[in-house]
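An overview of the molecular structure
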Amino acid sequence: MNAFAIPASRIGDARLAERLRRETAGEVLFSPGDRGRYATDASIYQVEPVGVLVPRRVADVEAAMAICREEGIPLLPRGGGTSQCGQTVNRALVVDCTKYLRAVIEVDPAARRATVQPGITLGALNEALRPHGLFFPVDPSTWARCTIGGMAGNNSCGAKSIRYGLMADNVTAIDALLADGTRFRFGELPGNLGAEVPAGIADLIQRLRALGAREAEEIAARFPKLLRRVGGYNIDALTPEARAAGRGNLARLLVGSEGTLAFSAALELKLWPIKPRKVLGICQFPTFRAAMEAAQHLVTLDPEAVELVDRTMIELGRSIPIYRATIERMLIGEPDSLLIVEFHGHEDAPLAAALGRLEAMMADLGHPGAVVRATDPAFQAAVAEVREAGLNIMMSMKGDGKPVSFIEDCAVALEDLADYTERLNEVFARHGVKGTWYAHASVGCLHVRPVLNMKDPADVARMRAIAEECFALVRAYKGSHSGEHGDGIVRSEFHEPMFGPRIVRAFEEVKDAFDPRGLLNPGRIVRAPRMDDRTLFRYPPDYRADPAVVPALDWSAWPGPQGGLLGAVEMCNNNGTCRKFDAGVMCPSYRATRDERHVTRGRANTLRLALTGQLGPDALASDEVHAALRLCVSCKGCRRECPTGVDMARMKIEALAARARRHGIGVKDRLIASLPRWAPFASVAPFVANARDAVPGLAALSERWLGLARERSLPRFRRDAFHDDEAHVHAPDVLLLADTFDRYFEPENLRAALRVLAAAGQRVAVARAPRGARPLCCGRTWLAAGLVEQARAEARRTVEALAASDAPVIGLEPSCLLTLRDEFPALFPGDETERLAARAFLLSEWLARENPALALKPVAPAAHIHGHCHQKSFGAFPAAVAALQRVPELEVKPIASSCCGMAGAFGYEAETLPVSKAMAELALLPAVRAAPREHLIVADGTSCRHQIRDLAGREALHSVRVLERALA
């Protein structure tokens, strides 16, 4: 085990955990894996917490704070864990507010105010405000998963701060729990505090006001005169001048305090009316400096935002399939940098005029014809997705060198921006590194990340030197060293050179007034450790891969040890995109449970800890890893939707394989894995195979003996199973891959495919094994059990059988056909598998590619289509929609849903049945139930169809059946 391995138990922590279980109603998480998952955020740091509490109510937090006072244990409030600077990791009890403390307590539309709990995400809040015509305007790129409490702790800003200000400008009151157990609402208070203010709080406020009066002159001299200053405490709100100007609201002091002063039990927010229309002008520049020089002029057009996209981000975005088409549409030629200028309003004409003025200004600046207009909402949404994913796009670089956040969001005046960025690039050049640039050109706050290797001591020293030189530059331009992402570990130690010793002593005085025992997130903002203390890093000095781990699959696309496996896992930068709840697939189990253990980020952290010995020896096969992956349905949503490409479905195969080697597999798993081998015999006597659902009592026995849920029906074997000789011609145009599930459970789908392909003028043969051998198989059921060698044998057999023909291989079941494209090259890489992968298509993909003429007639007024997760992962769902759109007079309605929840055997098991149902109920089943009976329900996945039939009572069809019905 590594020297820095997480200990399995400690006596004091065990006592704390026991008290929390006894005295709160929250979830208490103290296992090594739980502590490991909360040891990191989106920064470079890893600090193991004492444990984790997931409170169900604010009273749980009050009780936990009392216990921590008595036990002398620090406490750390945490939201989405997306901090770039290490604010949300500490040797403390972590309080995760995101699962339960996420209510909208009150909305007052007339006053444009809302009161919310700290764990609600910005995206969920704005969705709740939409019916009132209001929104909360502070919009970090992490809006889909960052929480209001975390945003307040960080004094978040976002792209539109030029219009709406920072979090401190939009939080009007905070209901705060203080370290001593006092609860008080900090907001606008009169100069003379009345009797309603408790004596202890009155004394605290008077001390703070006295500090503000005493230090007013120093604050005026040392605080940067910029919008984007979030470093230190907002003690400028304590000065007499601030109070006289209406900026003395004490909530401003708590905002940006990073959980070091109080816990926010509720926050009152200022709301703004929604502007329903917007346009974007994407300005093209031949050089980075030209873009920087232009920013100060473009803001005079009164835009909502001006956002930078640099050349590195353009190229990395092009390399990511989900963003490639959007990036190409954003460009004119090959610009070096883009500035995305955004205008919002209520009418189209003024917005069109604003774009005209933008084009005229660009021409005046020497860049005529250099604006791409984005007026289509779908294009705008795609551009916003690229912009918001900027951080993760930058982090998609493979290898140990990554863009590192430590001078990420320094801010300078716009007139200094071009010179500052040029001089900072010179600093990078002197140190032999390159920086990546993006984000908020409108306010002079550019996110810049030098590419460094945090495992290399030389690069760590380089980071320190660059930080010191950068912050000296910022001071020379009278800028702010902390312009958006806060202080945390990475910037807190630099407050003294930035603000001077007197201001830093004032910060310490504020901390001590609120928290004299230092229990709340100690060592952040004041009395901080060195930012380059490698014992606090995610990759500390003795970080190394476990040499005993030998991967079962090919990971050579990623450099590094364990055949590249560890490098693939380390692609997770903890930014938490997988915690989103908007349209898409990722991450279905997290959407159902809201547990960090069950999100892609949590699983990746668990695997990283296991692969590096931090969870003990042979941890990849351990119960800890198994528990983290138990609810992963291998949807592959993360493969496409994670901007850094963390492929948890493939990683799960490695963990299953390790566990199978160590512990073997059970009867149920072996039975399901070997389905393709015994299914031919079951189809001969289907009444025997189907007896479980026909004979009373057998379903209950199957649950007791095998763990198969008694209330679930199983797929029914058919006597009229599909046979390979139903289509056999010499020199076929296409080969039909008959998957196990359609072959034995729904053979009408394969026969429909034969008719549709024939109608398309194709000579069809079934992809078949040598005569006398059992049918071909993709090996997916073996992979799902971790039996990789058996799956590899199936894959090799299939590749060899199909090598004699170059015809396209067409399949119906996404999970099977797409195994040829995804897992086959990982099972045994080489030219043969790559060639097969290149000619393997779902039927709908082949129709979109070849566009054959089909004579079709109307069959129904509408079809509601649910996309299989693997279809979406490979970008194949639009082709399925397009295939249905060939049918005359058929309105095709895609269902905005994540995973159906069935996921092979997952939905049949008693242990996972509740989660399976919860996944389906999030979006899919409500949409199916709402569909009129005369409308068709379409789903190309056999599991999806079964789930819809079992839980919604509707018959879902494969899209090929709809096309067959429509054949003229």
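The structure under discussion appears in the preceding block.
My aim in this report is to walk through the structure given alongside it, one point at a time. (Residues numbered from 1 in each chain as written. Predicted model: local features only at pLDDT ≥ 70, side-chain atom pairs only at ≥ 80, totals over all residues. Heavy atoms only, no water.)

This next bit is on the overall build of the protein. Helix and strand content of the protein: 46 helices and 26 strands. For 968 residues, the compact-globule estimate of 2.2 N^0.38 gives 30 Å, and the protein sits close to it at 30 Å. Dimensions of the protein, computed from C-alpha atoms along their principal axes, come out at roughly 90 × 70 × 55 Å. Counting only residues that meet the buried cut, the protein has 64% of its 968 residues in that class. (Helix = DSSP H or I, 4+ residues; strand = E, 2+ residues; numbered from the N terminus. Rg over C-alpha atoms; globule rule 2.2 N^0.38 Å. Buried < 20%, exposed > 50% of the residue type's maximum accessible area, 1.4 Å probe, protein only.)

All right, on to the nonpolar core then. Ranked by internal contacts, the top residues of the largest apolar core, which has 145 residues, are Leu339, Leu358, Phe406, Ile407 and Leu424. Looking at this core element by element, the count peaks at 8 residues for helix α18 (residues 457-476). The residues contacting phenylalanine 406, other than those within four sequence positions of it, are Pro450, Leu452, Met463, Ile466, Ala467, Phe471, Val490, Arg491 and Met531. Membership of the second largest hydrophobic core comes to 54 residues, among which are Met151, Ala152, Leu204 and Leu254. (Core = buried A, V, L, I, M, F, W, Y, C linked by side-chain atoms within 4.5 Å. Contact = heavy atoms within 4.5 Å.)

Time to look at the pattern of salt bridges. What the rule picks out here adds up to 91 salt bridges. For aspartate 720, the salt bridge identified is with arginine 718, shortest N-O distance 2.9 Å. Given the relative accessible area of 25%, arginine 718 is considered partly exposed. Overlapping salt bridges bring together Arg15, Glu18, Arg19, Arg22, Glu23, Glu70 and Glu71 as one network. (Salt bridge = Lys/Arg side-chain N within 4 Å of Asp/Glu carboxyl O.)

Moving on, we get to the packing of aromatic side chains. In this structure the tally under the stated criterion is 18 aromatic pairs. Ring geometry for tyrosine 164 against tryptophan 272: centres 4.9 Å apart, planes inclined by 75°, an arrangement best described as edge-to-face. One end of the pair, tyrosine 164, is in helix α6 (residues 161-164); the other, tryptophan 272, is in strand β11 (residues 272-273), with 108 residues separating them in the sequence. Classification of tyrosine 164 as buried rests on a relative accessible area of 6%. By relative accessible area, which is 24% here, tryptophan 272 ends up partly exposed. Aromatic side chains tryptophan 555 and tryptophan 558 sit 5.7 Å apart centroid to centroid with 55° between the ring planes, which places their arrangement in the tilted category. Residue tryptophan 555 shares its accessibility class with tryptophan 558, and that shared class is buried. Every member of this aromatic cluster is reached through a ring pair, and the members are Phe223, Tyr233, Phe499 and Phe507. One residue, lysine 455, lies across the ring of tyrosine 539, its end atom 5.0 Å from the ring centre. Seen from the ring of phenylalanine 828, arginine 796 lies directly overhead, with NZ or CZ sitting 5.0 Å from the centre. (Phe/Tyr/Trp six-rings, centres within 6.5 Å; stacked < 30°, edge-to-face > 60°. Lys NZ or Arg CZ within 6 Å of the ring centre and 35° of its normal.)

What follows concerns unusual backbone geometry. Backbone torsion omega between methionine 586 and cysteine 587 reads -10°, so that peptide bond is classified as cis. Along the chain, the position of cysteine 587 falls in the loop between α22 (565-569) and α23 (588-593). Of note in this structure, aspartate 302 is not a glycine but carries a positive phi near 60°. Tracing the backbone shows aspartate 302 in the loop between α11 (288-298) and β13 (305-310). Positive phi values are uncommon outside glycine, yet isoleucine 525 reaches one of about 75°. Take isoleucine 525: it is sitting in the loop between α21 (501-514) and α22.

What follows covers the sheet that holds strand β3 (residues 75-78). Read from one edge of the open sheet, 4 strands run β1-β2-β4-β3, paired in mixed fashion. A single partner strand is all that each edge strand has here, and the edge strands are β1 (27-29) and β3. Strand-to-strand twist across the sheet, computed as the mean angle between neighbouring axes with direction ignored, equals 20°. When β3 meets strand β4 (residues 93-96), the two strands line up parallel, connected through 4 bridges. When the bridges of β4 are listed, leucine 76 appears paired with valine 94. (Pairing = 2+ DSSP bridges. Axes fitted to C-alpha atoms, helices over the stretch in contact; angles between N-to-C directions.)

Note on placement: arginine 37 falls in helix α2 (residues 32-37). Using a relative accessible area of 1% as the deciding quantity, one classes arginine 37 as buried. Here aspartate 34 takes part through its side chain, which lies 2.8 Å from a polar atom of the side chain of arginine 37. (Polar contact = N/O pair within 3.5 Å; in protein donor to acceptor, adjacent residues only side chain to side chain.)

Turning our eyes to something else, we now look at the side chain of glutamine 87. Relative to the elements of secondary structure, glutamine 87 occurs in the loop between β3 and β4. Here glutamate 258 takes part through its side chain, which lies 3.4 Å from a polar atom of the side chain of glutamine 87. In contact with glutamine 87, not counting residues within four places along its chain, are Asp41, Leu76, Asn154, Glu258, His485, Gly486, Asp487, Gly488 and Asn521.

As a further point, take the sheet that holds strand β6 (residues 113-116). If you walk across this open sheet you meet the 5 strands as β5-β6-β10-β8-β9, and the pairing is antiparallel. Since the sheet does not close on itself, it has two edges, and those belong to β5 (104-108) and β9 (183-186), each with one partner. Between one strand axis and the next, the sheet turns by 10° as a mean value, whatever way the strands run. Across 4 bridges, β5 lies against β6 in antiparallel orientation. Across the sheet, the residue bridging to glutamate 106 is threonine 115, located in β6.

The full count for this structure, using the stated rule, is 12 cavities of 30 Å³ or more. Within this model, the largest cavity holds a volume of roughly 760 Å³. In terms of lining residues, the largest cavity is bounded by 47 residues, among which Thr82, Gly150, Met151, Asn154 and Ser156 are the most central. At the level of secondary structure, the elements contributing two or more residues to the lining of the largest cavity comprise β3, α5 (148-154), β10 (263-270), α15 (377-388), α16 (390-394) and β17 (435-440). The element that contributes the greatest number of residues to the lining of the largest cavity is α5, accounting for 6 residues. Of the residues in the lining of the largest cavity, the class split is 15 nonpolar, 25 polar and 7 charged. As a volume, the second largest cavity reaches approximately 110 Å³. Lining the second largest cavity are 16 residues, with Cys572, Gly576, Thr577, Cys578 and Cys642 sitting closest to its centre. Taken together, the residues of the lining of the second largest cavity sort by class into 7 nonpolar, 8 polar and 1 charged. (1 Å grid on protein atoms, 1.4 Å probe; cavity = no way out; pocket = protein on both sides within 12 Å on 5 of 7 lines; lining within 4 Å. Points joined across faces, edges and corners; volume = space filled by probe spheres on them. Nonpolar A, V, L, I, M, F, W, Y, C, P; charged D, E, K, R; others polar.)

Now for the pairing of strand β19 (residues 734-737). Neither face of β19 is left uncovered, since the one carrying Val734 and Leu736 and the one carrying Leu735 and Leu737 both have all their residues buried. Pairing between β19 and strand β20 (residues 764-766): 3 bridges, direction parallel. Bridge pairing links leucine 735 to alanine 765 in β20. Summarising the sheet, β19 and strand β21 (residues 809-811) pair through 3 bridges and their orientation is parallel. Bridging across to β21, leucine 737 finds its partner in glycine 811.

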